[in-house]
Amino acid sequence: MNVKKLIKMEFKRVFHSKMFYLSLGIGLLITTLQWIEVGLPMAVNIVDGYIPSEVSTPYSAFESFFGLAGPPLVYRQIYYTIAPILAVMAHAVTLCGDKASGYVKNLYIRSKRQDYYTAKYIVSGIAGGIAVTAPIAANFLWNLMMLPAIEPMASMAIYPYGIGLWSDVLYTNPYLFILLYILLIFFYQFIFVSLALLLSTWVNNRFLITLFPFLLNYFSYMMLSFIKKAKYSPIIIMDMTRINALRFGPVVLECVCLTVLFGGLYFWKQKKDEGL
């Protein structure tokens, strides 16, 4: 059994997994509550956003969108804080169960050990990315169905503008801006998934494996805040309203370096164990 067949098998497991749908459900619950509190009232009173004496427009889908909306901010803050838990729950945590149940040993008879761990890594990363980004995309679609797609104007000063991460794209092509940010959030989940899979090579506790990336992510946010470098925390990077504090190069470099570090250690550990 080669890597392609193992990847296909792992995806089947994802889409039959209660944990994957639980992860999606938690994310959808948060983005739906935000839409009910912010998007729905705007949709009912669209013209209230227009003030003749100021540079303004009626309420738009971009203004109520989960990623860009104003207060209450608690939904967005909670979402980006627990994103590591949602990403790991989606599928990465199953490695622990596979080893405990003996499922891995059965696969070794029909396939290479390295192929299994490669397939597990790829599928876990993709599943984690979907679990975190799908609710955000769904929220945007709900807003588009209920509100006019009036594009943001820099003169309204509703959103940050400057030499930040794709801030110019926000005002020239907001759909592309949202797509780019969703892709950024998607790939950032590989950091948390890689860390969880790495931890699974040492620990056989699903609860700890699910919680550890979240705890480390939050701890790093607190430490970076203490030294006034919070903008490099994934919690801040995933927030679309913080675009004026970021640069594309450092953001991508951080994502690549951390993913390669944790992912590389994961594969190194598996290869080392194989030689024992």
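Starting from 1, residues in each chain are numbered consecutively following that chain's sequence as written. The model is predicted, so local features are restricted to residues of pLDDT at least 70 and side-chain atom pairs to those at 80 or more, both for listing and for counting; the totals for chains, interfaces and linings are taken over all residues. Values reported for side chains reflect all heavy atoms of the structure, with hydrogen atoms and water molecules removed beforehand.

### As for a nonpolar patch on the surface
Spelled out, the test is: In this scheme, patches are assembled from residues that exceed 30% relative accessible area and form no salt bridge. Like charges are connected within 9 Å, while nonpolar side chains (Val, Leu, Ile, Met, Phe, Trp, Tyr) are connected within 5 Å. Each accessible area value is a Shrake-Rupley result obtained with a 1.4 Å probe; residue values ignore everything except the protein chains displayed when judging cover. The term salt bridge refers to a pairing of a side-chain nitrogen on Lys or Arg with a carboxyl oxygen on Asp or Glu at a separation within 4 Å. A run of DSSP states H or I qualifies as a helix once it reaches four residues; a run of E qualifies as a strand once it reaches two. Both are numbered from the N-terminal end. In this scheme, a residue with accessible area under 20% of its type's maximum is buried, one over 50% is exposed, and one in between is partly exposed, where area comes from a 1.4 Å probe on protein chains only.
Taken together, the side chains of L29, L33, I36, L40, V44, M145 and M146 make up a nonpolar region of the molecular surface, amounting to roughly 660 Å² of accessible area. Mapped onto the nonpolar patch, the elements with two or more residues apiece are α2 (18–44) and α7 (113–146). Tallying contributions element by element places α2 first for the nonpolar patch, with five residues. With respect to the helices and strands, the residue L33 is situated in helix α2. The exposure class of L33 is partly exposed, given its relative accessible area of 36%.

### Observations regarding the pattern of salt bridges
Per the stated rule, a full pass over the model turns up five salt bridges. With a shortest N-O distance of 2.7 Å, R13 and D98 are connected by a salt bridge. Here D98 lies in helix α5 (residues 94–101) and R13 lies in helix α1 (residues 3–14), a separation of 85 residues in the sequence. D98 is the salt-bridge partner of K120, the closest N and O atoms lying 2.9 Å from each other. With K120 in helix α7 and D98 in helix α5, this pair connects stretches of sequence that are 22 residues apart. For the residue pair K120 and D98, the accessibility class agrees, reading buried in each case.

### Details of the environment of Y103
What counts, and what does not: Note on contacts: a residue pair is in contact if any heavy atoms of the two residues lie within 4.5 Å.
Among the secondary structure elements, Y103 is positioned in helix α6 (residues 103–110). Sequence-distant contacts of Y103, that is, excluding residues within four places in its chain, are made with M9, E10, R13, D98 and Y116.

### With respect to the side chain of R76
By the element assignment, R76 lies in helix α4 (residues 74–92). Given a relative accessible area of 7%, R76 falls into the buried group.

### Some words on the side chain of E254
For clarity, the cut-off: Residues scored as positive are Lys and Arg, those scored as negative are Asp and Glu, and His as well as the terminal groups of each chain are ignored. Polar contact is the term for a pair of N or O atoms within 3.5 Å; when the atoms are in protein, one must be able to donate a hydrogen and the other to accept it, and sequence-neighboring residues count only if both atoms are side-chain atoms.
By the element assignment, E254 lies in helix α12 (residues 248–274). No salt bridge forms around the buried E254; measuring N to O, its nearest opposite-charge neighbour K231 is 11 Å away. Side-chain polar atoms of E254 contact the side chain of Y188, separated by 3.0 Å. When neighbours within four sequence positions are excluded, E254 is seen to be in contact with Y188, I191, Y232, P234 and I237.

### Quick look at unusual backbone geometry
Positioned with a positive phi, K228 is a non-glycine residue whose angle comes to about 60°. Assignment of secondary structure puts K228 in the loop between α10 (206–226) and α11 (234–237). Judged by its relative accessible area of 74%, K228 is exposed.

### A short note on the packing of α1 against α7
Basically, it comes down to this: Only C-alpha atoms enter the line fits that serve as axes; for helices the fit covers just the stretch in contact. Angles between N-to-C directions range over 0 to 180 degrees. Any angle that falls under 35 degrees is termed roughly parallel, while one over 145 is termed roughly antiparallel, one within 65 to 115 roughly perpendicular, and all others oblique. Two helices cross in a left-handed way if the nearer one is turned anticlockwise from the farther one by less than a right angle. They cross in a right-handed way if the turn is clockwise. Amino acids are sorted into nonpolar (Ala, Val, Leu, Ile, Met, Phe, Trp, Tyr, Cys and Pro), charged (Asp, Glu, Lys and Arg) and polar (every other residue, Gly among them).
In the contact formed by α1 and α7, the axes pass within 9 Å of each other and the chain directions differ by 45°. Between α1 and α7, the interaxial angle falls into the category oblique. Of the two possible hands of crossing, α1 and α7 adopt the one that is right-handed. Listed contacts from α7 to V3, L6, I7, E10, F11, R13 and V14 of α1 are D115, Y116, T118, A119, K120, I122, V123, I126 and A127. When the residues that make up the contact of α1 with α7 are grouped by side-chain class, the tally is eleven nonpolar, one polar and four charged.

### So, the packing of aromatic side chains
What characterises a pair of aromatic rings is the spacing of the ring centres plus the angle enclosed by the ring planes. As a reminder of what qualifies: The aromatic pairing rule takes the rings of Phe, Tyr and Trp, using the six-membered ring of Trp, and pairs them if the centres are within 6.5 Å, calling planes under 30 degrees apart stacked, those over 60 edge-to-face and the rest tilted.
With the rule as written, the count across this model stands at 23 aromatic pairs. Taking the centre distance of 6.1 Å and the plane angle of 75° together, the rings of Y117 and Y266 count as edge-to-face. Residue Y117 is located in helix α7, and its partner Y266 is located in helix α12; the two are separated by 149 residues in the primary sequence. A single burial state applies to Y117 and to Y266, both of which are buried. Ring geometry for F186 and F190: centres 6.1 Å apart, planes at 55°, overall tilted. One end of the pair is F186 and the other is F190, both in helix α9 (residues 174–200) and four residues apart, which spans about a single turn. Take F186 and F190: they sit in the same class, and that class is buried.

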